[in-house]
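Coordinate inspection notes
These are the residues of each chain, in order.
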Amino acid sequence: MTAGGRALVDQLLADPPGVHAMSVAQDAEVGVWATERDCYLLLAEFVGNGARTLETGSGISTVLFAALGAMHTCITPAQVEADRIEKYCEAHEIPTVLVTFKIGCSDEILPGLSRAAPYDVVLIDGNHGFPTPTLDWYYGASLLGPDGLLVIDDVSLPAVAHLCSFVDRDPRFASHTRTAKWAAYRRVGDGDLRQDWYDQPFYGPPLTITDLPGRALRKVRRTLTAQGARR
Ligand SMILES: C[S@@+](CC[C@H](N)C(=O)[O-])C[C@H]1O[C@@H](n2cnc3c(N)ncnc32)[C@H](O)[C@@H]1O
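To keep things clear, this report deals only with the structure shown in the data block. The structure presented is a predicted model; accordingly, all values stated were derived computationally and were not measured. (Residues numbered from 1 in each chain as written. Predicted model: local features only at pLDDT ≥ 70, side-chain atom pairs only at ≥ 80, totals over all residues.)

A few points about the site of the ligand
The immediate surroundings of the ligand are formed by 22 residues, with G57, G59, S61, G126 and N127 found nearest. Listing elements by their share of the shell around the ligand, those giving two or more residues are helix 3 (60-67) and strand 4 (71-76). By residue class, the composition of the shell around the ligand is 8 nonpolar, 12 polar and 2 charged. (Near = placed C-beta within 6 Å. Helix = DSSP H or I, 4+ residues; strand = E, 2+ residues; numbered from the N terminus. Nonpolar A, V, L, I, M, F, W, Y, C, P; charged D, E, K, R; others polar.)

In structure tokens, the structure reads:
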């Protein structure tokens, strides 16, 4: 992490763009839904001039990608968010020539994105309802090149937690950072993420509270059997 990257993140957090309507009221206050400073610092560490980056949702992250000189694609259904970001960048002399806004819902836009060149960084932080984060991962993370960085925000929300519980076990992704708010992974290999169930031996049924005593008992039995075999 360069001092420049840290200063840029702190500058953005001290004077953030107003991007999002903060409630559903007609005259809602305009603010910004943000993630943690450390998440932006990680992005600043990975994104150099000309890096190919993609995000679902818009906000501080979009301005950060622009300021870092990324060739950035931002998907948001709200034209007004793109307009506010453009205006903020203009006022702060942040070039946006390399930023492309795709206005629409990620589940409709992502499948149509070109696969001609891989992305270096994909940030998933758009619609957080089931199954959208998973669709964003399925289409978005399939565009990452080898070792590319996948960042997923709001991991405590149910649909995102389900997605992460899969990605955590998926050998095509290596965990990089995990906090209570966001997670980052490195892509192992590349290419589309389509698999049939028999390609996913690591994937079991969701663990429920009633499974816990049975699982604990089986673990104790396995340990005792292994100890007995060693004697
Ligand atoms: C939590 S905010 C993103 C915050 C941003 N990453 C940041 O760091 O400031 C969620 C964003 O998702 C966008 N969004 C909502 N539904 C979406 C969808 N179906 N596809 C893409 N973006 C969506 C919202 O308009 C909003 O910009």
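As for unusual backbone geometry
Of note, the bond from F130 into P131 is cis; its omega dihedral lies within 30 degrees of zero at 0°. Residue position: P131 is located in the loop between strand 6 (119-124) and helix 6 (132-140). Positive phi, close to 55°, is recorded for E93, a residue that is not glycine. For E93, the location among the structural elements is in the loop between helix 4 (79-91) and strand 5 (99-103). For D147, which is not glycine, the phi torsion reads 75° and is therefore positive. Here D147 is to be found in strand 7 (residues 144-153). Residue classification places D147 among the exposed residues on the basis of 12 C-beta atoms within 10 Å. (Buried ≥ 20, exposed ≤ 12 C-beta atoms within 10 Å, placed from the backbone.)

Looking at the environment of R172
Locating R172 in the fold gives a position in the loop between helix 7 (158-167) and strand 8 (173-178). C-beta crowding within 10 Å serves as the criterion here: with 16 such atoms nearby, R172 is assigned to the partly exposed category. Between the alpha carbons of R172 and L217 there is a distance of 31 Å; along the sequence they are 45 residues apart. Not counting the four nearest positions on each side in its chain, R172 is found in contact with R187, V188 and G189. (Contact = placed C-beta atoms within 7 Å.)

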